[in-house]
Amino acid sequence: MWYAIEGFDGADVLAQRLAARSEHLARLTALRDEGRLLLAGPCPAIDAEDPGPAGFSGSIVIAEFVSLEAARAWADADPYIAAGVYARVDVRPFRKVLP
């Protein structure tokens, strides 16, 4: 089943986000290579493709896992959590309808 994983950045964490980015992306690449990633990306903190020093308000990942518990475990192991980027992470089932 698909699960939506939404991480919400804490305040002033752009430096931590940038430092942990390569590890974070490696995990997403692994999901993609396994055919389990629907989409992933950051949410700019301002209305701009490149928010610069404003940074990001969080990230969204939609990926396939065997259970909600497995999706939560994957989310809990994110390098952004270890680096203190995410203040909160929500994980919930997702049903793809379109496209």
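This text gives an overview of the structure that appears in the document.

Each value, and the rule that gives it
- Residues numbered from 1 in each chain as written.
- Predicted model: local features only at pLDDT ≥ 70, side-chain atom pairs only at ≥ 80, totals over all residues.
- Heavy atoms only, no water.
- Pairing = 2+ DSSP bridges.
- Helix = DSSP H or I, 4+ residues; strand = E, 2+ residues; numbered from the N terminus.
- Expected span 1.5 Å × (residues − 1).
- Bend = angle between axes of the 7 residues up to and from the residue.
- Contact = heavy atoms within 4.5 Å.
- Axes fitted to C-alpha atoms, helices over the stretch in contact; angles between N-to-C directions.

Relative to strand E3 (residues 56-64), strand E1 (residues 2-9) runs antiparallel, the two sharing seven bridges. Bridging across to E3, Gly7 finds its partner in Ser59.

What follows concerns helix H1 (residues 14-33). The terminal C-alpha atoms of H1, which comprises 20 residues, lie 27 Å apart, in line with the 28 Å expected from a rise of 1.5 Å per residue. Bending of H1 peaks at approximately 55° at the position of Arg21. Taken together, the buried residues of H1 touch E1, strand E2 (37-44), E3, helix H2 (68-76), helix H3 (79-82) and strand E4 (86-94).

Take the sheet that holds E1 next. Read from one edge of the open sheet, four strands run E2-E3-E1-E4, paired in antiparallel fashion. What marks the edges here is a single partner per strand, and that holds for E2 and E4. On average, each strand axis in the sheet is tilted by 10° relative to the strand beside it, whichever way the strands run. In the sheet, E2 pairs with E3 via seven bridges, with the strands oriented antiparallel. Across the sheet, Cys43 pairs through a bridge with Gly58, a residue of E3. Relative to the sheet, H1 contacts E1, E2, E3 and E4, its axis offset from that of E3 by approximately 10°. Each of E1, E3 and E4 touches H2; the most contacted strand, E4, lies at about 155° to it.

Honestly, that's just the spatial picture; any functional story needs more than this.
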